[in-house]
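Examining the three-dimensional arrangement
Here are the chains, one letter per residue:
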Amino acid sequence: MIPVSPADEPGNFDAKVRQPGLNWLAGKGLAGLAALPPKTKIRAYWTECLPELLSAYDRICAYASLKIHPVTGAHSVEHFAPKSRAPNVAYEWNNYRLACAKLNARKNNFTDVLDPFLLQSGTFELGVLDGSISPSKSLTAPNLALAQATMDRLNLDDQEMRAARLYYIDQYLQGRFDSDFLREESPFIWFELQRQGLLKSS
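Residues numbered from 1 in each chain as written. Predicted model: local features only at pLDDT ≥ 70, side-chain atom pairs only at ≥ 80, totals over all residues. Heavy atoms only, no water.

**Re the overall build of the chain**
Put simply, the rule reads: In this text, helices come from DSSP runs of H or I with a minimum length of four residues, and strands from runs of E with a minimum of two, each type numbered from the N-terminal end. Between buried and exposed lies partly exposed: a residue is buried under 20% and exposed over 50% of the maximum accessible area for its type, with that area taken using a 1.4 Å probe on protein chains only. Only heavy atoms enter the contact rule, under which two residues are in contact if any of them lie within 4.5 Å. Residue-level accessible areas treat just the shown protein chains as cover; the underlying method is Shrake-Rupley with a 1.4 Å probe. Just so you know, the count uses Lys and Arg for positive and Asp and Glu for negative, and it drops His and the chain ends. Charge placement uses NZ in Lys and CZ in Arg. For Asp and Glu, CG and CD serve respectively.
When helices and strands are counted, the chain shows seven helices and four strands. For the chain, the N- to C-terminal ordering of α and β elements is α-α-β-β-α-β-β-α-α-α-α. Counting only C-alpha atoms, the chain reaches 60 × 35 × 25 Å along its principal axes. By the burial criterion, 44% of the 202 residues in the chain qualify as buried. Long-range contacts, defined here as pairs at least 24 residues apart, represent 67% of the contacts in the chain between residues at least 6 apart. Surface exposure of the chain reaches about 10,400 Å², of which carbon and sulfur atoms provide 53%. In the chain, 22 positive and 22 negative side-chain charges are present, and the distance between their average locations comes to 6 Å.

**Overview of helix H1 (residues 13-27)**
We count it as follows: A helix's residues, less one, multiplied by 1.5 Å, set its expected span.
End to end, H1 covers 20 Å across 15 residues, agreeing with the expected 21 Å (1.5 Å per residue, within 8%). Residues of H1 that are buried make contact with strand E2 (96-100). Gly-29 lies just past H1 and shows a positive phi near 70°.

**A word on the environment of Leu-50**
Here Leu-50 lies in helix H2 (residues 50-56). Looking at Leu-50, the relative accessible area reads 13%, which means it is buried. Along the sequence, Leu-50 and His-75 sit 25 residues apart, while their C-alpha atoms lie 8.3 Å from each other. Once residues lying within four places of it in the same chain are set aside, the contact partners of Leu-50 are His-75, Ser-76 and Val-77.

**Remarks on the pairing of strand E3 (residues 124-127)**
The condition is simple: Between any two strands, at least two bridges found by DSSP are needed for them to pair.
Residue alternation in E3 divides its side chains into two sets, Phe-124 and Leu-126 and Glu-125 and Gly-127, and both sets are buried. Strand direction decides the pairing type here: E3 and strand E4 (residues 132-135), joined by four bridges, are antiparallel. When the sheet's bridge partners are listed, Leu-126 is paired in E4 with Ile-133. Once E3 ends, the chain turns through four residues before running back antiparallel as E4, passing Gly-131 with a positive phi of about 75°.

**Notes on the nonpolar core**
To keep things clear, this is the line we draw: Among buried residues, those of type Ala, Val, Leu, Ile, Met, Phe, Trp, Tyr and Cys that are joined through side-chain atoms within 4.5 Å constitute a nonpolar core.
By size, the foremost hydrophobic cluster in this structure holds 57 residues, and its most contacted members are Ile-42, Tyr-63, Tyr-91, Tyr-96, Phe-124 and Ile-189. Among the elements of the structure, H1, H2, E2, E3, helix H4 (141-154), helix H5 (159-173) and helix H7 (187-195) are those that each provide at least two residues to this core. Among all residues touching Tyr-96, those that are not within four sequence positions of it are Phe-13, Val-17, Trp-46, Cys-49, Leu-53, Val-77, Glu-78, His-79, Ala-90, Tyr-91 and Phe-117.

**What about the packing of aromatic side chains?**
Both the distance between ring centres and the angle between the ring planes are used here to describe each pair of aromatic rings. The condition is simple: Working definition: a ring pair exists when centres of Phe, Tyr or Trp rings (six-membered ring for Trp) sit within 6.5 Å. Plane angles under 30 degrees give stacked, over 60 give edge-to-face, the rest tilted. Both a distance and an angle decide whether a charge sits over a ring: NZ of Lys or CZ of Arg must be within 6 Å of the ring centre and within 35 degrees of the ring normal.
Under the definition given, this model contains eight aromatic pairs. Taking the centre distance of 5.7 Å and the plane angle of 70° together, the rings of Phe-13 and Trp-93 count as edge-to-face. Here Phe-13, found in helix H1, pairs with Trp-93, found in the loop between strand E1 (75-79) and E2; they are 80 residues apart in sequence, far enough to count as distant. Each member of the pair, Phe-13 as well as Trp-93, is classed as buried. Between Tyr-168 and Phe-177 the ring centres are 6.3 Å apart and the planes differ by 50°, which places this aromatic pair in the tilted class. Every member of this aromatic cluster is reached through a ring pair, and the members are Tyr-167, Tyr-168, Phe-177 and Phe-181. One Lys or Arg, Arg-97, reaches over the ring of Phe-117 and ends 3.6 Å from the middle of that ring. Here the basic side chain of Arg-183 rests over the ring of Trp-190, its NZ or CZ set 3.9 Å away from the ring centre.

**Points about unusual backbone geometry**
You will see that Lys-39, though not glycine, has its phi angle at about 65°, which is positive. Structurally, Lys-39 is set in the loop between H1 and H2. Of the residues examined, Lys-39 reaches a relative accessible area of 83% and is grouped as exposed. You will see that Asp-58, though not glycine, has its phi angle at about 55°, which is positive. Structurally, the position occupied by Asp-58 is in the loop between H2 and E1. Among the residues examined, Asp-58 registers a relative accessible area of 53% and is labelled exposed.

Here it is in C-alpha cells:
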C-alpha cells in the first residue's frame, strides 16, 4: 500500500449514484439506519461510477498498489466504511476505494484495515529480493500494530502478492521497461526502489 490522494467527485455522481441510492434506501425503509439488518442487500448503484473511479485513480488498486488491467483485471468499488455497517455512506464517492476484486473480497466488511487516503508515507517497506513487504521499522508501536493488522487482513504478503511484485521488480531491474512505466504499473514498487536507491538514472 501507498498513500492515495482522494479524487474529486465526478460532476455526474450525484445524479447517477447518490440520489438514486438514497431514494432506494428510503423506498425500502432503510434510510437513516446505523447498520443494515442481517443479510440485507442494497442496490448497487455505485457500479455506475466504476469508469470514473478507474480513470480518477489511474486503474491502481488502492490496496495492492498494482495496476488493474483492462479485460484481464477484475476491478470493483470497495466501500471503505462497509455498506452493511454504514449504509448512510454507501452511495458517497468519498467512501469508495478502487480495488481489485480479490482484495475487495479480502477486506469484506472488516474495519481493521488502514485507509489508503490517510496512510502515512513509508508505512510499508519492500523486500527487493523476494517481493515481500513488511511494516516499516520506523513506525511507533500503535502504528506498527495497525500496519500488521492490515497486512494480515488483506494477505498482502502471501506468495501470490509477492510473485506479482517480484515480476515488476525483476522486469525493471533487467531493463525490460523504464521507471516511468514502473511508476504507472505500481507506484509502491517505484517509490520503494527510489527510496532504496535502486532506480536507474535516465
